[in-house]
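These are the residues of each chain, in order.
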Amino acid sequence: MTDVSDGAGFVTRRGSFRAAHVAEQNIEQQAFILDQMAGRPAIRTLKAWALDQLAPAAGETAVDVGSGTGEDVVAFAASGARAIGVEPSPGLRAEAVRRAAGADVEYVDGHAEALPFADGSVDVMRCERVLQHIDDPVPVVKEMARVLRPGGRIALIDTDWATAIVHPADPGVLQRMVDYFLHETANPYSGRRLRGLLADAGLEITGETAATMIETQDGARQGFVAMMHLTALQAGVITEAEAEAFARTLAEAADRGAFHLSLTMYAVSAVKP
């Protein structure tokens, strides 16, 4: 695989939109990306909504699946709950411990499809932007339902990549890029599937919401946009001339304040009967 960087710390790889490949990425780069995303207003809104829906209480066991750098586990701990983060990356677990700075939290090795908990042993569970990287999320959500106790609450947050809007761009070139990206992403329509996944796992829906991330004008030259056209070029989906024209068109639009990139994320909460 070939690294692609925009010079601002965002690095991806051809085909790295699946869990197995994401796990191979540099920890410092992963942490940078997670920090950048966590600061976005849309994601902060969804995080706050999920925490409010889950309402962890003292004495409860609260688990974050795919806990990354651990800030949401620390938020669980602030409620007095036993706060546990499940994260398969040793590097991210180590970074989460460093950042927790003595907070009463636990970070354990584990994968979403095989959680290290007994049946009915978890009161509260969250999982944010993990399912999009999993080819088949159905057994994963059923596994989450398995470990929830009756009355246990869960909240899922994820992206629906088909909602991405990039403007201005050549429609034909953009469509080829989008088609490639959707094909290479394990579960690109994850956001719209959350409600059905929870319902099919036997859980009762208690709430749902959405938030749209709108990129700043700086985003015309970095992050998602850079990843799109550079990886599409490497994959042979677009030509070098098309990639250069795409980047130039968006940069010129940003210079006059006319660039637009938006992406919608969804959150759904449920309870186990």
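Remember, it's a predicted structure, so these values are computed and weren't measured experimentally.

Visitor: In this structure, what is going on with the overall build of the chain? I would like to understand it.
Guide: Summing up its helical and strand segments, the chain has 10 helices and 10 strands in all. In summary, the chain has a C-alpha radius of gyration of 19 Å against a globular reference of 19 Å for 273 residues, a match within 12%. Over its C-alpha atoms, taken along the principal directions, the chain stretches across nearly 60 × 35 × 35 Å. Each of the 273 residues in the chain was classed as buried or not, and the buried ones make up 50%.

Visitor: Explanation requested: helix α2 (residues 27-38) in the structure shown.
Guide: It helps to recall that an α-helix has 3.6 residues per turn; residues three or four apart then point in one direction. Taking 1.5 Å as the rise per residue, α2 with 12 residues should run 16 Å; its terminal C-alpha atoms sit 16 Å apart, in good agreement. Among all positions of α2, only Gln30, Ala31, Ile33 and Ala38 are buried. For α2, the angular spread of the buried residues around the axis is 160 degrees, confining them to a single face.

Visitor: Could you clarify how one ought to interpret the packing of helix α6 (residues 137-147) against helix α8 (residues 190-200) in this entry?
Guide: Running from N to C, α6 and α8 cross one another at 55 degrees; their axes reach a closest spacing of 9 Å. The angle between α6 and α8 places the two elements in the oblique class. Judged by the twist between their axes, the crossing of α6 over α8 is right-handed. Between α6, through Pro137, Val138, Val141 and Lys142, and α8, the contact on the second element is made entirely by Arg193, Leu197, Leu198 and Asp200. Here the residues of the contact of α6 with α8 are counted per class, giving five nonpolar, no polar and three charged.

Visitor: It is not clear to me how the packing of aromatic side chains should be interpreted in this structure. Could you clarify?
Guide: Geometrically, a pair of aromatic rings is defined through the distance of the ring centres and the angle of the planes. The full count for this structure, using the stated rule, is three aromatic pairs. For the pair Trp161 and Phe181, a centre-to-centre distance of 5.0 Å together with 65 degrees between the ring planes defines the contact as edge-to-face. Pair noted here: Trp161 is in the loop between β7 (148-159) and β8 (165-167) and Phe181 is in helix α7 (residues 171-184), with a separation of 20 residues, a long-range link. Judged by its relative accessible area of 16%, Trp161 is buried. Ring plane angle 80 degrees and centroid distance 5.6 Å describe the contact between Phe181 and Phe224, whose orientation is recorded as edge-to-face. With Phe181 in helix α7 and Phe224 in helix α9 (residues 224-234), the pair connects residues that are 43 residues apart, well separated along the chain. Neither Phe181 nor Phe224 differs from the other in exposure class; each is buried. Cluster of aromatic residues (ring-pair linked, three or more members): Trp161, Phe181 and Phe224.

Visitor: Looking at this structure, I do not really get unusual backbone geometry. What am I missing?
Guide: In most cases, non-glycine residues show a negative phi, while peptide bonds are predominantly trans. The omega torsion of the bond from His167 to Pro168 falls at 0 degrees, within 30 degrees of zero and hence cis. Not every positive phi belongs to a glycine, and Arg129 is a case in point at roughly 50 degrees. In this structure, Arg129 sits in the loop between β6 (122-128) and α6. On the basis of relative accessible area, Arg129 is assigned to the buried category, the value being 15%.

Visitor: Teacher, can you tell me more about the environment of His133 here?
Guide: When you line up the elements, His133 lands in the loop between β6 and α6. Classification of His133 as partly exposed rests on a relative accessible area of 23%. It is 22 Å that separates the C-alpha atoms of His133 and Phe117, two residues lying 16 residues apart in sequence.

Visitor: Help me out: how do you make sense of the pairing of strand β3 (residues 61-65) in this one?
Guide: In the case of a regular strand, side chains alternate between the two sheet surfaces. Of all five residues making up β3, five are buried, and the element is well covered by its neighbours. Burial along β3 is two-sided: Thr61, Val63 and Val65 facing one way and Ala62 and Asp64 facing the other are all buried. Two elements, β3 and strand β4 (residues 82-86), share five bridges in a ladder whose sense is parallel. Its bridge partner lying in β4, Val63 is registered against Ile84. Following the chain from β3 across helix α4 (residues 71-77) to the adjacent parallel β4, one finds a crossover that is right-handed. Both β3 and β6 contribute to a ladder of four bridges, which runs parallel. Residue pairing across strands places Asp64 opposite Arg126, the latter belonging to β6.

Rules behind the numbers
Residues numbered from 1 in each chain as written. Predicted model: local features only at pLDDT ≥ 70, side-chain atom pairs only at ≥ 80, totals over all residues. Heavy atoms only, no water. Helix = DSSP H or I, 4+ residues; strand = E, 2+ residues; numbered from the N terminus. Rg over C-alpha atoms; globule rule 2.2 N^0.38 Å. Buried < 20%, exposed > 50% of the residue type's maximum accessible area, 1.4 Å probe, protein only. Expected span 1.5 Å × (residues − 1). Arc of directions from axis to C-beta. Axes fitted to C-alpha atoms, helices over the stretch in contact; angles between N-to-C directions. Parallel < 35°, antiparallel > 145°, perpendicular 65-115°, else oblique. Left-handed = near helix turned anticlockwise from the far one by under 90°. Contact = heavy atoms within 4.5 Å. Nonpolar A, V, L, I, M, F, W, Y, C, P; charged D, E, K, R; others polar. Phe/Tyr/Trp six-rings, centres within 6.5 Å; stacked < 30°, edge-to-face > 60°. Pairing = 2+ DSSP bridges. Right-handed = clockwise from strand over helix to strand, strands pointing away.

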